[in-house]
Amino acid sequence: MTLALYVPRRSVVHRLPAGVKLLVLAVLAVALFLLPTPLAAGTALTGVLAVGLLAARLPVGVLARQARAVRWWLLGLLVVHALTTDVTTAVHVALRLLTLVLAAAVVTATTRVSEMVAVVERLCAPLQLVGVRPARVGLVVTMALRFIPVLADRADRIREAQAARGGSPRGLRALRTTIAPLLVQVLQMAHDVSEALDARGADDVPRPRGRRSPTLEAS
């Protein structure tokens, strides 16, 4: 599944603080589970589409890509729940997942990554008391948001290369032929990024403020 990156627009949704949008997303997720009815999920989905397409003025393709990315998950949930429970429950679960995916896409498409990372670092600030570094948590979030679209692009390139060579496998074979080269590229990319971070001292522990260096103390 890909994430919708920031889409610049002049809208009220774009101007909302990142913390407010993340809070609304969390409230929506809780509400969808507290109101376990297909009507509530359908109403929430309609509201998300209205906010994304009308209030935020996002292109239809931005949300359509997110729906296509989870279409097989939705189909699998529909089939499994239809066989194990009933059709109503199956539709409700699928609507709930689609609503959350599109709501997250609206948030990421209307919020800059730097703003979301700043919110995460502020939320993690109290964890400094137990040794957690908020800046490192923010770095992890930033890399996750940046690398998911990169991985999706790499997967598309692998499929295009296979098609150009005259091979267009389908089903499980297509999955295997895509995952193997993609995994190799992911491992290589992770190695390159880790070396770059080490070279820049990303794993260094900052010296406490007010403490003199050993060289100065010795002199």
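Residues numbered from 1 in each chain as written. Predicted model: local features only at pLDDT ≥ 70, side-chain atom pairs only at ≥ 80, totals over all residues. Heavy atoms only, no water.

A surface patch of nonpolar side chains, about 690 Å² in accessible area, is lined by Trp 72, Leu 75, Leu 78, Val 79, Leu 83, Val 87 and Val 91. Contributing elements (two or more residues each) for the nonpolar patch: helix H5 (71-84) and helix H6 (87-110). The element that contributes the greatest number of residues to the nonpolar patch is H5, accounting for 5 residues. One can find Val 79 in helix H5. For Val 79, a relative accessible area of 41% translates into the label partly exposed. (Patch = residues over 30% accessible without salt bridge, like charges linked within 9 Å, V, L, I, M, F, W, Y side chains within 5 Å. Areas by Shrake-Rupley, 256 points an atom, 1.4 Å probe, with all protein chains shown as cover. Salt bridge = Lys/Arg side-chain N within 4 Å of Asp/Glu carboxyl O. Helix = DSSP H or I, 4+ residues; strand = E, 2+ residues; numbered from the N terminus. Buried < 20%, exposed > 50% of the residue type's maximum accessible area, 1.4 Å probe, protein only.)

One broad rule of soluble globular proteins: the nonpolar side chains tend to lie buried together. Counting 22 residues, the largest nonpolar core has Leu 28, Val 48, Leu 58, Leu 98 and Leu 102 as its most contacted members. If you list the elements that add at least two residues to this core, you get helix H2 (18-34), helix H3 (38-55), helix H4 (60-69) and H6. Among the elements that take part in this core, H6 stands out by supplying 8 residues, more than any other. Ignoring anything within four residues of it in the chain, the contact list for Leu 102 reads Leu 45, Val 48, Leu 49, Leu 63, Gln 66 and Ala 67. (Core = buried A, V, L, I, M, F, W, Y, C linked by side-chain atoms within 4.5 Å. Contact = heavy atoms within 4.5 Å.)

Attention shifts here to a positive patch on the surface. Residues Arg 9, Arg 10, Arg 15 and Arg 57 make up a contiguous surface patch of positive charge. Tracing the chain through its elements places Arg 9 in the segment before helix H1 (12-15). Judged by relative accessible area, which is 34%, Arg 9 ranks as partly exposed. (Lys, Arg positive; Asp, Glu negative; His and termini not counted. Charge placed at Lys NZ, Arg CZ, Asp CG, Glu CD.)

With their axes 10 Å apart at the nearest point, H4 and H6 run at an angle of 140 degrees to one another. Overall, the two elements H4 and H6 adopt an arrangement that is oblique. Two packed elements cross with a definite hand, and for H4 against H6 that hand is right-handed. For the pair formed by H4 and H6, the contact residues are Val 62, Leu 63, Gln 66 and Ala 67 on the first element and Leu 98, Val 101, Leu 102, Ala 105, Val 106 and Ala 109 on the second. Each residue belonging to the contact of H4 with H6 can be placed in one class, and the counts come to 9 nonpolar, 1 polar and no charged. (Axes fitted to C-alpha atoms, helices over the stretch in contact; angles between N-to-C directions. Parallel < 35°, antiparallel > 145°, perpendicular 65-115°, else oblique. Left-handed = near helix turned anticlockwise from the far one by under 90°. Nonpolar A, V, L, I, M, F, W, Y, C, P; charged D, E, K, R; others polar.)

In this section: the UniProt feature "transmembrane region" (unreviewed entry) in the protein. According to UniProt, the positions carrying the feature "transmembrane region" (unreviewed entry) are residues 12-33, 39-58 and 70-87. With 85% helix and 0% strand, residues 39-58 has its two end C-alpha atoms placed 25 Å apart. Here residues 70-87 is 83% helix and 0% strand, with 19 Å between the C-alpha atoms at its ends. (UniProt positions renumbered as here; feature names shortened; annotations may be inferred.)

The next thing to look at is H4. The complete set of buried residues in H4 reads Val 62, Leu 63 and Gln 66. Angularly, the buried residues of H4 cover 90 degrees about the axis, an arc narrow enough to put them on a single face. The inward-facing, buried residues of H4 contact H3 and H6. (Arc of directions from axis to C-beta.)

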